[in-house]
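# Descriptive analysis of the structure
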Amino acid sequence: MKRVALLISGGGSNMLALVRSMTGDHPARPVLVAANDPGAAGLVRAAELGIATAAVDHRPFGKDREGFEAALLAHIEAARPDILCLAGFMRVLTPGFVARFEGRMLNIHPSLLPKYPGLHTHRRALEAGDAEAGCTVHEVTAVLDDGPILGQARVPVLPGDSADSLAARVLVEEHRLYPQVLRRYASGVRAPVFLP
Ligand code: GAR
């Protein structure tokens with residue numbers, strides 16, 4: 001059984017989809033949900049599900065990313081995860097942190113990478129006049145929102161879409177895609193899955 005730690009920054013809906021998927025014959029189990037914001041709503045939801053939680057507020061560390069990551073790492077290492085899932089985790093990680101988890105850290109990003117790494121993905125897709133949008137799960141490398149693609153799901157952009165309405169449509173697909181990718185990944189499958 002693979003041990004999975006999940007990092008969140010907010011509501012944690014992707015985290016919940018992942019946690020709920022890890023039952024029965026699933027090859028992995030959640031061992032920790034950690035956040036960089038002690039007020040992250042997802043922490044309460046994870047605790048309600050009986051999962052160990054931790055919070056390391058990044059703000060007191062200022063520009064000291066290594067210091068923040070060292071504090072976070074203490075919690076993560078104590079949970080001895082085999083796989084680390086970034087699920088709406090909004091802090092950029094240093095190359096040192098990424099190297100430590102190379103080949104066992106996943107991220108979900110709300111665009112069809114390589115399009116729109118970084119922030120405001122839905123607004124950028126609308127501004128570009130794209131006919132479709134979507135989400136990507138990828139392995140994390142030192143380059144932001146880069147790394148081998150493990151899965152993608154697509155949605156149409158509809159007339160009258162706002163960034164919010166598009167985000168909501170994509171989020172539904174995120175909750176479908178990420179659990180599928182994690183299940184495959186935990187079983188050793190690295191070939192990407194493309195959902196219609
Ligand atoms: C999700 O849409 C996720 O793809 C995005 O933040 C949201 C988190 O929602 N992640 C990023 O933008 C990463 N740069 P959640 O907390 O409800 O899962």
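Our structure is the block above this text.
All of these numbers come straight from a predicted model, not from anything done at the bench. (Residues numbered from 1 in each chain as written. Predicted model: local features only at pLDDT ≥ 70, side-chain atom pairs only at ≥ 80, totals over all residues. Heavy atoms only, no water.)

This paragraph deals with the overall build of the protein chain. Scanning the protein chain from terminus to terminus reveals 6 helices and 8 strands. Secondary structure elements in the protein chain, listed N-terminal to C-terminal, are β-α-β-α-β-α-β-α-β-α-β-β-α-β. Here the protein chain has a C-alpha radius of gyration of 16 Å; the compact-globule value for 196 residues is 16 Å, and the two agree. With the C-alpha coordinates of the protein chain rotated into their principal frame, the extents come out at 50 × 40 × 30 Å. Of all 196 residues assigned to the protein chain, the portion counted as buried reaches 48%. Nonlocal contacts in the protein chain, meaning residues at least 24 apart in sequence, comprise 60% of its contacts between residues at least 6 apart. For the protein chain, the computed accessible surface area is about 9000 Å², with 57% contributed by carbon and sulfur atoms. Positive and negative side-chain charges of the protein chain, numbering 21 and 20 respectively, have mean locations separated by a distance of 4 Å. (Helix = DSSP H or I, 4+ residues; strand = E, 2+ residues; numbered from the N terminus. Rg over C-alpha atoms; globule rule 2.2 N^0.38 Å. Buried < 20%, exposed > 50% of the residue type's maximum accessible area, 1.4 Å probe, protein only. Contact = heavy atoms within 4.5 Å. Areas by Shrake-Rupley, 256 points an atom, 1.4 Å probe, with all protein chains shown as cover. Lys, Arg positive; Asp, Glu negative; His and termini not counted. Charge placed at Lys NZ, Arg CZ, Asp CG, Glu CD.)

Bringing the layout of surface pockets into the picture now. Size it by volume and the largest pocket reaches roughly 830 Å³. Lining the largest pocket are 38 residues, and of these Phe89, Met90, Ile108, His109 and Pro110 sit closest to its centre. Broken down by secondary-structure element, the contributors of at least two residues to the lining of the largest pocket are α1 (13-21), β5 (105-109), α5 (121-127) and α6 (163-186). Residues of the lining of the largest pocket, tallied by class, amount to 18 nonpolar, 15 polar and 5 charged. (1 Å grid on protein atoms, 1.4 Å probe; cavity = no way out; pocket = protein on both sides within 12 Å on 5 of 7 lines; lining within 4 Å. Points joined across faces, edges and corners; volume = space filled by probe spheres on them. Nonpolar A, V, L, I, M, F, W, Y, C, P; charged D, E, K, R; others polar.)

Under the defined criterion, the tally for this structure stands at 10 salt bridges. In this structure, Asp130 and Lys115 form a salt bridge, with 3.3 Å as the shortest nitrogen-oxygen distance. Of this pair, Asp130 sits in the loop between α5 and β6 (132-139) while Lys115 sits in the loop between β5 and α5, and the two are 15 residues apart along the sequence. Note on Asp130: relative accessible area 15%, which makes it buried. A salt bridge links Glu127 to Arg123; the shortest N-O distance between them is 3.8 Å. Residue Glu127 and its partner Arg123 are both found in helix α5; the two are separated by 4 residues, about one turn of the helix. Note on Glu127: relative accessible area 63%, which makes it exposed. Through salt bridges that share partners, Asp37, Asp57 and Arg59 make up one connected network. (Salt bridge = Lys/Arg side-chain N within 4 Å of Asp/Glu carboxyl O.)

Our next topic: the site of the ligand. All residues adjacent to the ligand are Gly11, Gly12, Ser13, Asn14, Gly88, Met90, Ile108, His109, Pro110, Leu171 and Glu174. One of the side-chain nitrogen or oxygen atoms of Glu174 is found 2.7 Å away from an oxygen atom of the ligand. When isolated, the ligand has an accessible area of 450 Å², and the protein chains bury 81% of it. Because more than half of its atoms lie within 2 Å of the grid, the ligand is assigned to the largest pocket. For the shell around the ligand, the secondary structure elements donating two or more residues are α1, β5 and α6. For the shell around the ligand, a count of residues per class yields 4 nonpolar, 6 polar and 1 charged. (Near = heavy atom within 4 Å. Polar contact = N/O pair within 3.5 Å; in protein donor to acceptor, adjacent residues only side chain to side chain. Sits in = over half its atoms within 2 Å of the grid points.)

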